[in-house]
Amino acid sequence: MSDIAENLSRIKERIAQAAARAGRSVESVKLVAVTKTVDAPRIQEAIAAVVTDIGENYVQEAETKWREIGDSANWHFIGHLQRNKARAAVRFFSLIQSVDSLDLAKEIGRRAANLEKIQDVLIEVRISEEATKFGVVPEKALSFAGEIAGIEGLRVLGMMGMAPFLPDPEDSRPYFAALRKIWDKLPEEQRLYLSMGMTADFEVAIEEGANMVRIGTAIFGPRTA
Ligand SMILES: *Cc1c(COP(=O)(O)O)cnc(C)c1O
């Protein structure tokens, strides 16, 4: 087995164990392999192993790889999306995980509608001041979900959040629990995905209800670029 395939089988096992602790099956947790800075051949290796979903932070970098890899995996956008990149993004991302403003939501909807596509999105919630400067503040997350629910070309399928980088993943638990509480209040048709947990903290995130985790380093090794 290659390093990547080996890493993936170890991660799948850890996901299964965390899911079991939460009384759920491994199938209930979708793994998004985060491939920023990872080249197309190594991404292909991951797809050949078990990966069905990949996450990218930059539209242009992702588009270059998408031209090589195509739709043999589902593409997730997990970075900060600028409005002027919405048109390119809706062409090939199946899930945009980082919608955090009405303007961006409208632009995504407009661009998707032009392609006669319905773009699936998650709302990024800023559960931690330290982790990222993007995202809707928790107090506004549910009203924001209501606000963008009716936009043509757009479908809200859940929420995404990032905990701060803390040496002990246990310390991330309250952040994940807080997002779970908000997510629970979404209307049922918007309550499909709760995307939280990365290499350092995905097991705690799953225990707190994540059904989508975004993992890069543990699969591909440390990013050098
Ligand atoms: C880079 C990134 C990840 C993956 O981080 P790792 O620590 O390498 O697993 C997950 N989510 C977002 C939003 C990222 O930017």
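Each remark here, short or long, concerns the structure printed above.
Residues numbered from 1 in each chain as written. Predicted model: local features only at pLDDT ≥ 70, side-chain atom pairs only at ≥ 80, totals over all residues. Heavy atoms only, no water.

## Some thoughts on the overall build of the protein chain
Selection criterion: The numbering of helices and of strands both runs from the N terminus, where a helix is a DSSP run of H or I of at least 4 residues and a strand a run of E of at least 2. Think of it in three bands: with a 1.4 Å probe and only protein chains considered, a residue is buried below 20% of the maximum accessible area for its type, exposed above 50%, and partly exposed in between. The contact definition used throughout considers only heavy atoms, calling two residues in contact when any of these lie within 4.5 Å. Surface exposure here means Shrake-Rupley accessible area, sampled with a 1.4 Å probe, where a residue is shielded only by the protein chains that are shown.
Assigned secondary structure in the protein chain consists of 9 helices and 8 strands. In terms of overall dimensions, the protein chain has a C-alpha envelope of 45 × 40 × 30 Å along the principal axes. The buried share of the protein chain, reckoned over its 225 residues, is 51%. By sequence separation, contacts in the protein chain at least 24 residues apart represent 59% of the contacts at least 6 residues apart. Counting only carbon and sulfur atoms, one obtains 49% of the accessible surface of the protein chain, whose full area is about 10600 Å².

## Observations concerning the pairing of strand β5 (residues 119-125)
Let me state the cut-off plainly: In this scheme, strands are said to pair when DSSP sees at least two bridges between them. By convention, orient the strands away from the viewer: a clockwise path from the first strand over the helix to the second makes the crossover right-handed.
Buried residues dominate β5, accounting for 7 of its 7 residues. Burial along β5 is two-sided: Gln119, Val121, Ile123 and Val125 facing one way and Asp120, Leu122 and Glu124 facing the other are all buried. By the bridge criterion, 3 bridges tie strand β4 (residues 95-99) to β5 in an arrangement that is parallel. Following the sheet pairing, Ile96 is matched in β5 by Val121. The parallel pair β4 and β5, bridged by helix α5 (residues 102-114), forms a crossover whose chirality is right-handed. Sheet analysis places β5 next to strand β6 (residues 154-161), joined by 6 bridges and oriented parallel. Within β6, the residue paired with Gln119 across the bridge is Leu154. Handedness of the β5-helix α6 (residues 138-148)-β6 crossover: right-handed.

## Examining the side chain of Ser195
Heads up, the condition is: Counted as a polar contact is a pair of N or O atoms within 3.5 Å, where, for protein atoms, one must be capable of donating a hydrogen and the other of accepting one, and residues adjacent in sequence contribute only when both atoms are in side chains.
You can see Ser195 is positioned in strand β7 (residues 193-195). A residue is classified by how much of its surface remains accessible, and Ser195, at 0% relative accessible area, is buried. Within the structure, Ser195 has its side chain in polar contact with the side chain of Arg214 (distance 2.9 Å). Ignoring any residue separated from it by four or fewer positions in sequence, one finds Ser195 in contact with Gln97, Leu122, Met159, Met160, Gly161, Met212 and Arg214.

## Things to note about the layout of surface pockets
The cut-off we apply is this: Definitions used for this entry: grid spacing 1 Å over protein atoms alone; cavity, a set of points where a 1.4 Å probe fits but cannot get out; pocket, an open set with protein on both sides within 12 Å along at least 5 of 7 lines; lining residue, one with an atom within 4 Å of a point. Grid points are joined across faces, edges and corners, and a volume is the space filled by probe spheres set on the points. The classification used treats Ala, Val, Leu, Ile, Met, Phe, Trp, Tyr, Cys and Pro as nonpolar, Asp, Glu, Lys and Arg as charged, and all other residues, Gly among them, as polar.
Roughly 680 Å³ of internal volume is contained in the largest pocket. Lining of the largest pocket is provided by 36 residues; of these, Lys36, Asn57, Ile78, Gly79 and Met162 occupy positions nearest its centre. At the level of secondary structure, the elements contributing two or more residues to the lining of the largest pocket comprise α3 (59-69) and β8 (212-215). Take the lining of the largest pocket: its biggest share by element is 3 residues, from α3. Considered class by class, the residues forming the lining of the largest pocket number 18 nonpolar, 11 polar and 7 charged.

## Describing the packing of aromatic side chains
For clarity, the threshold we go by: In this analysis, rings of Phe, Tyr and Trp, with Trp reduced to its six-membered ring, are considered paired at centre separations within 6.5 Å, and the interplanar angle assigns stacked below 30 degrees, edge-to-face beyond 60, and tilted for intermediate values.
Inspection of the entire model under this criterion finds 4 aromatic pairs. Between Phe77 and Phe93, the aromatic rings sit 5.3 Å apart at their centres with planes inclined by 75 degrees, giving edge-to-face as the arrangement. Of this pair, Phe77 sits in strand β3 (residues 74-77) while Phe93 is found in the loop between α4 (86-92) and β4, placing the two residues 16 residues apart along the sequence. By the ring-pair criterion, three or more aromatic residues cluster together here, those being Trp66, Trp75, Phe77, Phe92 and Phe93.

## What about the site of the ligand?
What counts is decided by this rule: Nearness here has a simple test: a residue counts as near a molecule or strand if at least one of its heavy atoms is within 4 Å of that partner. What decides whether a molecule sits in a cavity or pocket is whether more than half of its atoms lie within 2 Å of the grid points.
Looking at the ligand, the residues that line it are Val34, Lys36, Asn57, Ile78, Met162, Met198, Thr199, Arg214, Ile215, Gly216, Thr217 and Arg223. Contact distances for the ligand include 2.8 Å between an oxygen atom and a side-chain N or O atom of Asn57. Arg223 is positioned such that a nitrogen or oxygen atom in its side chain is 2.9 Å from an oxygen atom of the ligand. In the complex, 92% of the free accessible area of the ligand, which totals 390 Å², lies under the protein chains. Spatially, the ligand is embedded in the largest pocket. Its residues assigned to classes, the shell around the ligand comprises 5 nonpolar, 4 polar and 3 charged.

## Comments concerning unusual backbone geometry
For residues other than glycine, phi is negative in most cases, and the peptide bonds are mostly trans. Although it is not a glycine, Thr37 sits at a positive phi angle of roughly 70 degrees. Structurally, Thr37 is set in the loop between β1 (30-34) and α2 (40-49). Accessibility expressed as a relative area gives 39% for Thr37, which makes it partly exposed. Although it is not a glycine, Glu116 sits at a positive phi angle of roughly 55 degrees. By the secondary structure assignment, Glu116 is in the loop between α5 and β5. According to the relative accessible area criterion, Glu116 is exposed, its value standing at 77%.

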